[in-house]
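# Summary of structural features
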Amino acid sequence: MSSAPSLTVSLTDVLYRTRGQDWDYAFLLKPPPLLSEGWYALHRRIFSGVEPSEEPLLLRGELGVGVGHPFFATVFVDSVRRDSQGRPVAHYVAWLGKAAEAAPGLSFGPGLIAAIAPALAAVFSLTPEALPRAEGKPLDSLLRARFQAALPGRDVTVLAPPSGSVRWLGTISP
């Protein structure tokens, strides 16, 4: 019996956006900034025209910033988590850097979410009112700090089952 291949993912190279039970989509993981405008503009370009479904969609390309930054991304709907309105929660994950460029076309997203599930559980059910607004920090910064404090480490190894096709997006400019 053969086991699924595994990938080691450095969480410092991951851009991860999801929603909680009572809070809207927020970045829970962000690499060091590449642009002064932040990650939202590039996130929108990576996932433009993509509709999350239960089957992870795999996207590969390069960010047209500086000398170029390869990425491997996935988006999918969580099979268990729902928000307070009963809507499915989607996970948007972009893995950046040389490790992502070299990664085979495997569906790493569900394995990554399973590996960081305890950290996600630490913030998923929080209400915005439950987070003290210290020093005027925005809600997403408070969620990200609590999430990152609950992570199992800097790197995670995920099981990566074979997947369908990978969509090549080419170079995405800011």
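Coordinates for the structure precede this section.
Here the structure is a predicted model, which means the values were calculated and not measured. Every chain is numbered on its own, with residues counted from 1 as its sequence reads. Reporting in this predicted model follows two pLDDT cut-offs: at least 70 for local features of residues, and 80 or more for side-chain atom pairs to be given and counted; totals over whole chains, interfaces and linings ignore these cut-offs and use all residues. Note that the side-chain values use all heavy atoms of the structure and ignore hydrogens as well as water.

Bringing the overall build of the chain into the picture now. When you go through the chain residue by residue, the secondary structure sums to five helices and eight strands. A run of DSSP states H or I qualifies as a helix once it reaches four residues; a run of E qualifies as a strand once it reaches two. Both are numbered from the N-terminal end. Reading the secondary structure of the chain in the N-to-C direction produces β-β-β-α-β-β-β-α-α-α-α-β-β. A total of 174 residues make up the chain; the buried ones form 45% of that total. Considering only contacts in the chain between residues 6 or more positions apart, those separated by 24 or more positions represent 68%. We call a residue buried when its accessible area falls under 20% of the maximum for its residue type, exposed when it is over 50%, and partly exposed in between, using a 1.4 Å probe and counting protein chains only. Here, residues are in contact when the closest pair of their heavy atoms is within 4.5 Å.

Okay, the nonpolar core next. We define a nonpolar core as any set of buried Ala, Val, Leu, Ile, Met, Phe, Trp, Tyr and Cys residues linked to one another through side-chain atoms lying within 4.5 Å. If you look at the biggest cluster of nonpolar residues, it comprises 33 residues, and the most contacted ones within it are Val14, Tyr16, Trp95, Leu112, Ile116 and Phe147. Trp95 has contacts with Leu7, Thr8, Val9, Asp13, Val14, Pro70, Phe71, Phe72, Ala100, Ala103 and Phe108, leaving out every residue within four places of it along the chain. Grouped together as the second largest cluster of nonpolar side chains are 16 residues, Phe27, Ile46, Leu63 and Ala94 included.

Right, let's get into the packing of aromatic side chains. The criterion for an aromatic pair is that two Phe, Tyr or Trp rings (for Trp, the six-membered ring) have centres within 6.5 Å, with stacked assigned to planes under 30 degrees apart, edge-to-face to planes over 60 apart and tilted to the rest. In total, this model carries five aromatic pairs according to the counting rule given. Geometrically, the ring pair formed by Phe47 and Tyr92 is edge-to-face, given 5.1 Å between the ring centres and 80 degrees between the ring planes. Taken as a pair, Phe47 in the loop between helix H1 (40–46) and strand S4 (57–63) and Tyr92 in strand S6 (residues 88–96) lie far apart in primary sequence, 45 residues in all. Assessed through its relative accessible area of 6%, Phe47 is described here as buried. Look at Phe72 and Phe108: their rings are 5.3 Å apart centre to centre, the planes differ by 35 degrees, and that puts the pair in the tilted class. Of this pair, Phe72 sits in strand S5 (residues 69–82) while Phe108 sits in the loop between helix H2 (98–102) and helix H3 (109–115), and the two are 36 residues apart along the sequence. Overall, Phe72 belongs to the buried group, its relative accessible area being 0%. Among the residues examined, Phe108 registers a relative accessible area of 0% and is labelled buried.

What follows covers helix H5 (residues 139–149). Inspection of H5 places Leu142, Leu143, Arg144 and Phe147 among the buried residues, and these make up the whole buried set. Where H5 is buried, its residues meet strand S2 (14–18), strand S3 (26–29) and helix H4 (117–124).

Once that is clear, we can look at the environment of Ser84. The topology assignment puts Ser84 in the loop between S5 and S6. Relative accessible area serves as the criterion here: at 42%, Ser84 is assigned to the partly exposed category. Along the chain, Ser84 and Trp23 lie 61 residues apart, while their C-alpha atoms are 9.1 Å from each other. Apart from residues lying up to four places away in sequence, Ser84 is in contact with Gln21 and Asp22. By the criterion applied in these results, polar contacts are pairs of N or O atoms within 3.5 Å in which, for protein atoms, one can donate a hydrogen and the other can accept it, and in which residues neighboring in sequence qualify only through two side-chain atoms. Side-chain polar atoms of Ser84 contact the side chain of Asp22, separated by 2.9 Å.

This paragraph deals with the pattern of salt bridges. The rule for a salt bridge is simple: a side-chain nitrogen of Lys or Arg has to be within 4 Å of a carboxyl oxygen of Asp or Glu. Inspection of every chain in the model, using the stated rule, returns five salt bridges. The shortest N-O distance in the salt bridge between Arg19 and Asp24 comes to 3.4 Å. Using a relative accessible area of 11% as the deciding quantity, one classes Arg19 as buried. Note on Asp24: relative accessible area 53%, which makes it exposed. In this structure, Arg87 and Asp83 form a salt bridge, with 2.6 Å as the shortest nitrogen-oxygen distance. Counted as one network, the salt bridges with shared partners bring together Arg19, Asp24, Asp83 and Arg87.

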